[in-house]
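What follows is each chain in one-letter form.
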Amino acid sequence: MLFFLACAGTVAPEPAAEPAEAPAPPSGERIVFEAATDKATPAMWVDGVRHELTYKVFAEDGQDIGGRPFGMLVDVNGDDIEQCNNQDFAALIVVDGVTFHLSHVECHPSAIYITEMDAEMNPVWTRPVDMSGVRGSMLACSGDVTPWNTLLSSEEYEPNAALAVPGEGVSDNWQGFNRIGNYFPDGLATVNPYDYGWIPEVTVLDAKGNTSVVKHFSMGRFSHELGVVAPDQRTVFLSDDGYGVGFFRFVADTPADLSAGTLYAAKFVGTAIEWVDLGHASNDEVDTSLTFGQMFTADDEGCTPIATQFGPECLSLVEGMDLPASRLETRRYAALMGATTELSKTEGIAIDVDRKRVYLAATINGKGMERGHPEFDVEGVDHIQAIPNGCGSIIAFNYTEEFTPTSWETVLAGLPMGQGCHPDHIANPDNITMLGDLVMVAEDTRNHDPNVLWAWDPDDDSLTPVVYAGPDGAEMAGIHHYPDVGWFTVTEQHGPRGKHPTLSAVLGPIPDL
């Protein structure tokens, strides 16, 4: 069990007295954060020892780092397009003794910036990772660093390929997808929506920061918030960000190799979880040149009603198209197979090995998660019947063996208050990650200001504010603990709607836990 100490006022000591020491944590407690009273926590306790912490902002979007503007979008030839101030996930990867910071730049097209860091966590140089070999990327959101020291990136809000118009992108320009045309000299002429909506893996090859990139078609295509790798190095949990979405689990054939494996989709049955087998596939087996119409027919006799991110549909699978449909249209295929596609804005994932839980952040509990929603519950299919909560929650999937959850429950929820959310509770959780046996919860809310990075102790349900974001609704993002480096990354994402630059920061040094 862990407790958290708020910073208390002090009384000036007598001239001859020794300076007052901060109180030690309660006997037997292991990790204690002192609560942030201004910007960030000043210290944490580990095994009764107080460790001072520094919150260091080392870059903002557009900043010149070694002659390169941080976060500038580039095209397939490496030429500048425009500045993006929407940095998100942040990875720290050490190769041959050199520490690199990799930052997702969440725009259309997207970018991943690699930055060399010195021993004091100052940036030395920066440049965009070359994504031309995978036809660029889009909306790189959250991510994970694998046990084998690579970045698992993401592509959020996949375009609706049913609305593809050759040479014109998609007809509804979903989430601004057609801006991907800025990546290519011929614009949208050769853009294929099935090139986007995947999990890219980035490997830093050497101390010079050279990289390689692959998109894992084996893991399915949907609105990837992120994939998180379990300690077995085979199981990956995958969240799907949107309304009318699913939750997925991928099991690789070989540890530390995500190029082939079996994909599963969760089916909620009361408080139990069943896993619908979506089949096995490898990257090489998935043909992204196919069209939606080659895999599905719509509104024909015998079609199956489904409801997903793209609304209610009645679809039939073309014979022999199970494998491509399971990967190119993973969410629709999962719904046809009976899996649950009623989740709302499911985002961050954290694996709690000690408690045998997988945590999933639901930014909002609504729409398909409500009982009998007219748009997202069709033909009597209503797997989740939750009480609506506009402040969101954390769901725990409980597993007993082989990282296969068998039940679920809500373990932490925001508290609606008036037209917003209570400031002393979580509000619209987004990114989550483990730090020791604490769950760190980052907010993306307009329901209280500022957004907060919380430390939550599942044992006693206590919450401590660790970092407060900047003003005007800056999102807390990019959170991750890197024990080998001794720092915890944070991004204060202002985004295109904001009035301020996005800030890249670290909190630490974090002692051994």
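For the structure, see preceding data.
Residues numbered from 1 in each chain as written. Predicted model: local features only at pLDDT ≥ 70, side-chain atom pairs only at ≥ 80, totals over all residues. Heavy atoms only, no water.

Trainee: What exactly am I supposed to notice about the packing of aromatic side chains here?
Mentor: Describing an aromatic ring pair means giving the distance of the ring centres and the angle of the ring planes. Inspection of the entire model under this criterion finds 16 aromatic pairs. Where Trp174 meets Phe310, the ring centres are 6.2 Å apart and the plane angle is 75°; that geometry is what we call edge-to-face. Taken together, the residues span a long stretch of sequence, with Trp174 in the loop between β17 (169-170) and β18 (200-204) and Phe310 in the loop between β27 (304-308) and β28 (311-317) at a distance of 136 residues. Judged by its relative accessible area of 17%, Phe310 falls in the buried class. Summarising the aromatic geometry, the rings of Phe237 and Phe247 are spaced 6.2 Å apart at their centres and angled 10° between planes, so their arrangement reads as stacked. Here Phe237, found in strand β21 (residues 235-240), pairs with Phe247, found in strand β23 (residues 247-254); they are 10 residues apart in sequence, far enough to count as distant. A relative accessible area of 1% means that Phe247 is categorised as buried. Each member of the aromatic cluster is reached from another via a ring pair, and the members are Phe237, Phe247, Phe268, Trp275, Phe397 and Trp408. Seen from the ring of Tyr264, Arg249 lies directly overhead, with NZ or CZ sitting 4.5 Å from the centre. Over the ring of Trp275 we find Arg249; its NZ or CZ atom is 4.8 Å from the centre of that ring. (Phe/Tyr/Trp six-rings, centres within 6.5 Å; stacked < 30°, edge-to-face > 60°. Helix = DSSP H or I, 4+ residues; strand = E, 2+ residues; numbered from the N terminus. Buried < 20%, exposed > 50% of the residue type's maximum accessible area, 1.4 Å probe, protein only. Lys NZ or Arg CZ within 6 Å of the ring centre and 35° of its normal.)

Trainee: I'm lost on the sheet that holds strand β19 (residues 211-215) in this one. Help?
Mentor: Backbone-to-backbone hydrogen bonds pair the strands of a sheet. The strands run either parallel or antiparallel. Pairing within the open sheet is antiparallel, and its four strands lie in the order β14-β15-β18-β19. Of all strands in the sheet, those with a lone pairing partner are β14 (144-145) and β19, marking the two edges. As paired elements, β14 and strand β15 (residues 151-152) share two bridges and run antiparallel to each other. Paired with Val145 across the bridge in β15 is Leu151. (Pairing = 2+ DSSP bridges.)

Trainee: What exactly am I supposed to notice about the nonpolar core here?
Mentor: In a soluble, globular protein the nonpolar side chains are often hidden away together inside. If you look at the biggest cluster of nonpolar residues, it comprises 45 residues, and the most contacted ones within it are Phe100, Leu102 and Leu151. Listing elements by their share of this core, those giving two or more residues are β5 (54-60), β8 (72-74), β10 (87-95), β11 (98-105), β12 (111-117) and β18. Core analysis: the next-biggest nonpolar cluster, separate from the first, contains 35 residues, Ile199, Ala265, Ala334 and Ala335 among them. (Core = buried A, V, L, I, M, F, W, Y, C linked by side-chain atoms within 4.5 Å.)

Such coordinate-based values are descriptive only and should not be taken to indicate function.
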